Amino acid sequence: MGRDKKNPKPLDVNAFNTPVETSNSLIPLLYQSGYLSIKDYNRETGLFLLAYPNEEVRLGFAQCLIPYYASDSYTNDTFVVSFAQKIREHDIDGAMTLARAFVSGIPYMATRQDEGYYRTLVFLLCRLATPYLARVEEMSAAGRADLVMETKDAVFCFEFKLRGSAETALKQIDSAGY
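Residues numbered from 1 in each chain as written. Predicted model: local features only at pLDDT ≥ 70, side-chain atom pairs only at ≥ 80, totals over all residues. Heavy atoms only, no water.

Draft legend 1. Geometry of the layout of surface pockets. If you add up the space inside the largest pocket, you get close to 780 Å³. Looking at the largest pocket, it is lined by 23 residues, and the ones nearest its centre are M96, R100, E159, F160 and K161. Contributions of two or more residues to the lining of the largest pocket are made by helix 4 (92-103), helix 5 (115-129), strand 6 (155-158) and helix 6 (166-176). It is helix 4 that contributes the most residues to the lining of the largest pocket, six residues altogether. In terms of residue class, the lining of the largest pocket is built from 16 nonpolar, two polar and five charged. (1 Å grid on protein atoms, 1.4 Å probe; cavity = no way out; pocket = protein on both sides within 12 Å on 5 of 7 lines; lining within 4 Å. Points joined across faces, edges and corners; volume = space filled by probe spheres on them. Helix = DSSP H or I, 4+ residues; strand = E, 2+ residues; numbered from the N terminus. Nonpolar A, V, L, I, M, F, W, Y, C, P; charged D, E, K, R; others polar.)

Have a look at this one:
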């Protein structure tokens, strides 16, 4: 479900048609609530293509649903503009500071404390707040990057460490050659 509309990621039915409460992904929640719909099905492979049903739903998700989970002191409009600006300026530290402030508004009991959860949140922030291509679990011959975002003039590779340091994540990126 990448931003690349020419090459969206095909999904097995189990990737989105599973109980929301037991899933490690937000995809089932988005599909079952109508924020994503089936755009295509390949009978030969048994894979589905999911996408927002229309631009209004995508904007509604970005402007109405996400702010519900953010704190009142950090509005979505301010966040979207500031986050996109930081990415455009290649200020990833600044963008991540904004992302941490945005995510901190989500109640502790409403979140799962694992890397996959935060990877999905940052992916959604990149996907919804910027016009850039963002992909999770990007495979390469050297390994798998947690998140890759491509702008018109840069590629950013993210490695998330819930209990590790930034230095550990950077060493992993360097050693794997992402």
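Draft legend 2. The arrangement of the sheet that holds strand 1 (residues 11-12) in detail. Read across the open sheet, the three strands follow the order 1-3-2; overall the sheet is antiparallel. Because the sheet does not close on itself, it has two edges, and the strands there are strand 1 and strand 2 (37-42). Across two bridges, strand 1 lies against strand 3 (residues 47-51) in antiparallel orientation. In the strand pairing of strand 3, D12 is matched with L47. (Pairing = 2+ DSSP bridges.)

Draft legend 3. Broad picture of the packing of aromatic side chains. Considering all chains together, one arrives at four aromatic pairs under this definition. A centroid spacing of 4.6 Å and a plane angle of 70° characterise the contact between F16 and Y31, whose relative ring orientation is edge-to-face. On the criterion of sequence distance, the pair formed by F16 in the loop between strand 1 and helix 1 (27-32) and Y31 in helix 1 is long-range, its members being 15 residues apart. Measuring from ring centre to ring centre gives 5.2 Å for F16 and F48, while their planes differ by 80°; the resulting arrangement is edge-to-face. A residue pair is termed long-range when its members are at least 10 positions apart, and F16 in the loop between strand 1 and helix 1 and F48 in strand 3 qualify at 32 residues. Both residues of the pair, F16 and F48, count as buried. (Phe/Tyr/Trp six-rings, centres within 6.5 Å; stacked < 30°, edge-to-face > 60°. Buried < 20%, exposed > 50% of the residue type's maximum accessible area, 1.4 Å probe, protein only.)

What is shown is where atoms sit, not what they do.
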